[in-house]
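Now for the letters of each chain:
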Amino acid sequence: MTAQSTQPAAQRLTGGATTAERRDDLVLAAVGISKQFGGLAALRNVDLQIPAGGIVSLIGPNGAGKTTFFNIVAGIFEPTRGTIRVDGTPLIGPPLRAWLEPIIWVGPALLIVLIGWLLNLATGTPTAPQGRPQTAAEAVSGGAVWFEIGILVGLGVLIISLLLAIIRPPWYRRAIGRLGIFKSAQPHHMVRAGIGRTFQNIRLFQNMTALENVQVGMHLKLESTPVDALISSRRQEREEEASRVRAGELMRMVGLPGREDELARNLPYGDQRRLELARALANDPKLLLLDEPTAGMNPNETAEMTALIGRLRRELGVGILLIEHDMHVVMGISDRITVLDHGEQIAEGTPEEIRRNPKVIEAYLGAPE
Amino acid sequence: MTIQDDAERRDLSSGDRMPGGLAPVRGFFEAHRSISVIVGMALVGLALPLVVMLPPFSTFQAGAAWMNNFTLAGVYILLALGLNIVVGLAGLLDLGYAAFFAIGSYTYAFGASPFSGLHIPFWPMLLIGALMAAIFGVLLGAPTLRLRGDYLAIVTLGFGEIVPIVFKNSDTYTRGTNGISSLYPPDLLGYRFSTIEILPFYIVMLLLVTLAMILIYRLQESRLGRSWMAIREDELAAASNGINTVTTKLLAFALGASTAGLAGVFSSAKLTFTGPDQFLFTVSFTVLAMVVLGGMGNIWGVALGAFILYMIQSVLLKGLNQFFDAVPVPILSDIDFVQYQFLLYGLALVSMMLLRPEGLFPSKRRRRELHTAAPGDDAAATPAQEAGGALQ
Ligand SMILES: Nc1ncnc2c1ncn2[C@@H]1O[C@H](COP(=O)(O)OP(=O)(O)OP(=O)(O)O)[C@@H](O)[C@H]1O
Ligand SMILES: [Mg+2]
């Protein structure tokens, strides 16, 4: 990290590095991730790579920073240091040329005001109002108006660019990306990039039906606009119908057939976990982040969930990053395992290597599970 | 957990079933929302003028006065339908909603009055007013995007105060406290609407309300409506499912505001006047009370709530005054009931929160939300849930 941080920031993001982070078959490449919560170092210099379709587990005692890592990958927390690439594209990392962006917002507006002012000078008419105008029409028409028009249009342009800055549509992000500006992606951008997730504490939309939950998960797959909805267009109707069918399929896939119209809150605990999985799958992710998918489940349910995760990888080819406390599950299913302890990455390797690693054994004996 | 839930599940499904032969009819109307709204509004629109010709109502005030009240009630129905998008669907508490009503009204005043020298016809002005209000909905919504709950309420309250004050103090452009008067009334194919003939306004209002209801139903049942609901339920989970919460919230503000803009254009065209005192906080508050009393999230419920509350406020309370003036009961005849209307709202809202928090005519969803155990209760009991920070 010290060697890297002496390089120019742009180089750190776009090239230079020769390590495996440049490999293109990696869905996720996280390099040097650190996260500081005030005085607490929740993560220190964590590296993690997930090949397409691979299952990687993240384990460690309570409070090790596993969920924090998830939240960083999902775009919810910004890391204090480190970068994350998805399919080779940097999406999360330190901002680059951030100072340039405000100039883009303000510049055009100032330019327009300036042009208005120059036009006023050129036409040479006085700008001072004569007397107190009686009607709005008079108030507007007195004197040369170029300057006023300039201010109005400039204001409009300023407002529009500020709105673009907070909405950040994809084309805007591409455009400023071309100017070398980089800002970390937001959660919905990470979803668009193909990352789906579940939560350690189930976060379903409790008062919506199971089917609606999955339909929300399909959000980015659907294309109908609010205008389609207003005019109730054919596209809208066809798409809604298709989304219901697809959501039903996903629910069958995770083992919830026939439960479509039940409220999420009324499902038993294990089914809620399945539903969250179906919701995360609805966007056809390349990588699924599963935060303790078997927590609170009985051995039977745990076995079913483990089988389901294996099937997802086989049938959908989706990569999985798994946080799990149950060592049977982890050892049985993972290609590779990363171990965190107090934010420190203490080991990385195949299940066999991890099982024999003395540091890991020590960490777990120090904090018995 | 399971026993109680099973009971509730059965309860819900049996509630959906209708006795006997009504089921197919109900099914048809649920499948064809627009038709059911049109039929419903047509029936209501026909029934109201007829009902007020019957004794208890006809003795109370003249038919034209009733029709006038109904038409103005329509303005509040539009307002309540719009606020329902923001508060009921997207879950964003907006206490400054009257600002957009004001913007719609002043847009019409600028577009069609001798004061501005312009005379844009009423019909395109409806669109322009809605559009202007939508723009301001976005502008005033944007700074509040990161706020939630109480904070959002306070900031929107501030905006709601600022907008009428700006209109009040920009003398040159708005004639300040005097307001802008003699706005041009609408005309249609040579027929000029006038304040004396109320029926045309009534019909236009019926059409506007019908249109608004159809469109809002469509939005509610679309991908956007689902996104609003998802944000209301859990903003973080919504974002983690690909919803751009910023755009989605701004759309709620914009669409809610545009409905208020529509109401503003209509109301100023009908009154032929616009002044800053029409848009005080009491308007925002009244509309919010209508949404809450009627049943947040349920379009028909909100419309009905607005209608009832408006009729109580503008007819019943005045009627009580007249009644007790004529029948001198010692204390009651001294009370000006209209002055106590907010006291009454307060009482109504408090008793509502105690007895029927979901409103008079709640949506099915809202009823379930408020009448079952909170979802966190049993989730918190499992050990796996205890770990983690604010986000987990
Ligand atoms: N939003 C936050 N603000 C401050 N501190 C936080 C925040 N989120 C997590 N932490 C702290 O960071 C540390 C790591 O927490 P994290 O939730 O990532 O642990 P974990 O490995 O997921 O643990 P568990 O196995 O219990 O879920 C903890 O000490 C936690 O208190
Ligand atoms: Mg955790």
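These figures come from a predicted structure and were not determined experimentally.

**Q** Looking at this structure, I do not really get the overall build of chain B. What am I missing?
**A** Scanning chain B from terminus to terminus reveals 18 helices and 6 strands. For chain B, contacts bridging at least 24 residues in sequence account for 75% of all contacts bridging at least 6. Summed over all atoms, the accessible surface of chain B reaches about 17,700 Å², with 69% contributed by carbon and sulfur.

**Q** Is there a simple way to think about helix α8 (residues 149-169) of chain B in this case?
**A** One turn of the α-helix equals 3.6 residues, which is why residues spaced by three or four share an orientation. Its 21 residues give α8(B) an end-to-end C-alpha distance of 31 Å, which sits within 8% of 30 Å, the value for a rise of 1.5 Å per residue. Residues of α8(B) that are buried in the fold lie against α6 (98-111), α7 (122-141), α9 (171-174) and α13 (245-271) of chain B.

**Q** Is there a simple way to think about the nonpolar core in this case?
**A** The tendency in soluble globular proteins is for nonpolar side chains to be buried side by side. Residue and element names in this part refer to chain B. Membership of the largest hydrophobic core comes to 99 residues, with the highest contact counts inside it found for Phe70, Leu79, Leu81 and Trp228. Per-element tally for this core: the top contributor is helix α5 (residues 63-89), with 17 residues. Here Phe70 is in contact with Leu48, Val52, Tyr202, Phe307 and Met311, once residues within four sequence places are set aside.

**Q** Can you help me understand the side chain of Asn207(A) in this one?
**A** Examined against the element boundaries, Asn207(A) turns out to sit in the loop between β6 (195-197) and α9 (210-217). For Asn207(A), the side chain forms a polar contact with the side chain of Arg265(A), separated by 2.5 Å.

**Q** I keep staring at the coordination of the magnesium ion (ligand 2) and nothing clicks. Help me out?
**A** Ideal geometry at a metal centre: 109.5 degrees between donors when four sit tetrahedrally, and 90 or 180 degrees when six sit octahedrally. All names here are of chain A. For the magnesium ion (ligand 2), the full set of protein donor atoms is Thr67 (OG1) and Gln200 (OE1), at a range of 1.9 to 2.1 Å. Of this pair, Thr67 sits in helix α3 (residues 66-73) while Gln200 sits in the loop between β6 and α9, and the two are 133 residues apart along the sequence. A single burial state applies to Thr67 and to Gln200, both of which are buried.

**Q** For this particular structure, what's the right way to read a nonpolar patch on the surface?
**A** Residues and elements named next belong to chain A. A contiguous nonpolar surface patch, about 1,000 Å² in accessible area, is contributed by Leu111, Leu114, Ile115, Trp117, Leu118, Leu119, Leu121, Trp146, Ile149, Leu152 and Val153. Of all the secondary structure elements, the ones that give two or more residues to the nonpolar patch are α4 (100-123) and α6 (146-167). With 7 residues, the top contributor of residues to the nonpolar patch is α4. If you trace the backbone, Leu152 turns up in helix α6. The class of Leu152 is exposed, set by a relative accessible area of 60%.

**Q** Please clarify how the packing of aromatic side chains should be interpreted in this entry.
**A** The geometry of an aromatic ring pair comes down to the distance between the two centres and the angle between the two planes. All names here are of chain B. Going through the model one piece at a time under the given rule, you end up with 13 aromatic pairs over all chains. Between the aromatic rings of Phe122 and Trp123, the centroid separation amounts to 4.9 Å while the plane-to-plane angle is 80°, which identifies the pairing as edge-to-face. When the ring of Phe281 is compared with that of Phe285, the centres are 6.2 Å apart and the planes differ by 40°; the resulting orientation is tilted. One end of the pair, Phe281, and the other, Phe285, are both in helix α14 (residues 281-294), 4 residues apart, so they sit about a helical turn from each other. Classification of Phe281 as partly exposed rests on a relative accessible area of 32%. Over the face of the ring belonging to Phe201 we find Lys270, whose NZ or CZ atom lies 5.8 Å from the ring centre.

**Q** What should I look at first to understand the packing of helix α12 (residues 269-281) of chain A against helix α13 (residues 299-316) of chain A in this one?
**A** Two numbers describe a pair of packed helices, the interaxial angle and the distance between the axes. Residue and element names in this part refer to chain A. Relative to each other, α12 and α13 sit at 10°, their axes nearing to 11 Å. Here α12 is positioned roughly parallel relative to α13, judged by the angle of their axes. Counting all contacts with α12, which are made through Gly270, Arg273, Arg274, Leu277 and Leu281, the residues of α13 involved are Glu301, Glu304, Met305, Leu308, Leu312 and Leu316. Among the residues forming the contact of α12 with α13, the class breakdown is 6 nonpolar, 1 polar and 4 charged.

**Q** I'm lost on the pairing of strand β10 (residues 344-349) of chain A in this one. Help?
**A** It is a general feature of regular strands that their side chains alternate between the two faces of the sheet. All names here are of chain A. Note: strand β9 (residues 336-341) against β10, 5 bridges, orientation antiparallel. Paired with Val339 across the strands is Ala347, a residue of β10. The loop that links β9 with its antiparallel partner β10 comprises 2 residues; one of these, His342, has a positive phi angle of about 50°.

**Q** Mind showing me how you'd approach the site of ligand 1 here?
**A** Lining the immediate environment of ligand 1, one finds 17 residues, of which Asn62(A), Lys66(A), Thr67(A), Thr68(A) and Gln200(A) sit closest. This site is not confined to one chain, since residues near ligand 1 come from chains A and B. Lys66(A) places a polar side-chain atom, nitrogen or oxygen, 2.8 Å from an oxygen atom of ligand 1. Within the side chain of His325(A), a nitrogen or oxygen atom sits 3.1 Å from an oxygen atom of ligand 1. Elements with a contribution of two residues or more to the shell around ligand 1: β2 (40-51) and α3 of chain A. In terms of residue count, the dominant contributor to the shell around ligand 1 is α3(A) (3 residues). Among the residues forming the shell around ligand 1, the class breakdown is 6 nonpolar, 9 polar and 2 charged.

**Q** Please clarify how the confidence of the model for chain A should be interpreted in this entry.
**A** Low pLDDT means the predicted coordinates in that region are not meant to be read closely. Looking at chain A as a whole, the pLDDT averages 84, with 86% of positions reaching at least 70. With pLDDT under 50 throughout, residues 1-21 of chain A is counted as low confidence; its partners more than four residues away or in other chains account for 27 contacts.

**Q** Can you help me understand empty space enclosed by the protein in this one?
**A** With a probe scaled to a water molecule rolled over the atoms, the places where space remains empty come into view. Residue and element names in this part refer to chain B. Inspection of the entire model under this criterion finds 4 cavities of 30 Å³ or more. Estimates place the volume of the largest cavity at around 60 Å³. Lining the largest cavity we find Asp94, Gly96, Phe100, Leu140, Gly141, Thr144, Thr156, Phe159 and Phe253. Those elements that place two or more of their residues in the lining of the largest cavity are α7 and α8. The residue inventory of the lining of the largest cavity, partitioned by class, reads 4 nonpolar, 4 polar and 1 charged.

**Q** For this particular structure, what's the right way to read unusual backbone geometry?
**A** Residues and elements named next belong to chain A. In the Ramachandran plot, Asp87 falls in the positive-phi region, its phi being about 55° despite a non-glycine side chain. Turning to its location among the elements, Asp87 is positioned in the loop between β4 (81-86) and β5 (89-92). Even without glycine at this site, Arg168 takes up a positive phi of about 50°. Considering the arrangement of structural elements, one finds Arg168 in the loop between α6 and α7 (170-178). Note on Arg168: relative accessible area 10%, which makes it buried.

**Q** Got a minute to help me understand the packing of α14(B) against helix α16 (residues 341-355) of chain B in this structure?
**A** All names here are of chain B. Look at α14 against α16: their axes get within 11 Å of each other, and the N-to-C directions meet at 30°. One finds that α14 runs roughly parallel with respect to α16. The handedness of the crossing between α14 and α16 comes out as left-handed. Residue-level contacts link Thr282, Phe285, Thr286, Ala289, Val292 and Leu293 of α14 to Phe342, Tyr345, Ala348, Leu349, Met352 and Met353 of α16. A per-class count over the contact of α14 with α16 returns 10 nonpolar, 2 polar and no charged.

Cut-offs applied
Counting restarts for each chain: residues are numbered from 1 in the order of the written sequence. Naming scheme: in the order in which they are written, chains are lettered from A and ligands are numbered from 1. Where totals are concerned, whole chains, interfaces and linings use all residues; where local detail is concerned, this predicted model gives features only for residues with pLDDT of at least 70, and gives and counts side-chain atom pairs only at 80 or more. Side-chain figures throughout are based on the complete set of non-hydrogen atoms in the structure, without hydrogens or water. Secondary structure follows DSSP: runs of H or I at least 4 residues long count as helices, runs of E at least 2 residues long count as strands, and numbering of each begins at the N terminus. Any two residues whose heavy atoms approach within 4.5 Å are treated as being in contact. What sets the accessible areas is the Shrake-Rupley method with a 1.4 Å probe; for residues, cover comes only from the shown protein chains. Between the first and last residue of a helix there are one fewer steps than residues, each counted as 1.5 Å, and that sum is the expected span. Here, nonpolar core refers to any group of buried Ala, Val, Leu, Ile, Met, Phe, Trp, Tyr and Cys residues whose side-chain atoms link them within 4.5 Å. We call a residue buried when its accessible area falls under 20% of the maximum for its residue type, exposed when it is over 50%, and partly exposed in between, using a 1.4 Å probe and counting protein chains only. Polar contacts here mean pairs of N or O atoms no more than 3.5 Å apart (in protein, one a potential hydrogen donor and the other a potential acceptor; neighbouring residues in sequence count only if both atoms are side-chain atoms). Each metal site lists N, O and S donors within 2.8 Å (3.2 Å for Na, K and Ca). With water left out of the atoms, a site can look as if it is missing ligands. Note on patches: the residues involved have over 30% relative accessible area and no salt bridge, like charges join within 9 Å, and the nonpolar side chains Val, Leu, Ile, Met, Phe, Trp and Tyr join within 5 Å. Only one rule defines a salt bridge in this text: a Lys or Arg side-chain nitrogen within 4 Å of an Asp or Glu carboxyl oxygen. Stacked, edge-to-face and tilted labels apply to pairs of Phe, Tyr and Trp rings (six-membered ring for Trp) whose centres lie within 6.5 Å, assigned for plane angles under 30 degrees, over 60, and everything in between, in that order. Throughout this description, the term charge over a ring refers to an Arg CZ or Lys NZ atom that lies within 6 Å of the ring centre and within 35 degrees of the ring normal. Lines fitted to the C-alpha atoms define the axes, with helices restricted to the stretch that makes contact. Angles between their N-to-C directions range from 0 to 180 degrees. Here the angle decides the label: under 35 degrees means roughly parallel, over 145 means roughly antiparallel, 65 to 115 means roughly perpendicular, and every other value means oblique. Residues are grouped as follows: Ala, Val, Leu, Ile, Met, Phe, Trp, Tyr, Cys and Pro are nonpolar; Asp, Glu, Lys and Arg are charged; every other residue, Gly included, is polar. DSSP bridges decide pairing: two strands pair if at least two such bridges lie between them. If even one non-hydrogen atom of a residue comes within 4 Å of a molecule or strand, that residue is called near it. Note: pLDDT gives the predictor's confidence per residue, expressed from 0 to 100. Using a grid of 1 Å spacing that covers the protein atoms alone, one calls a set of points a cavity when a 1.4 Å probe fits there but cannot get out, and a pocket when the set is open and has protein on both sides within 12 Å along at least five of seven lines; lining residues are those with an atom within 4 Å of a point. Grid points are joined across faces, edges and corners, and a volume is the space filled by probe spheres set on the points. Each helix crossing is assigned a hand: it is left-handed if the near helix lies turned anticlockwise from the far helix by less than a right angle, otherwise right-handed if that turn is clockwise.

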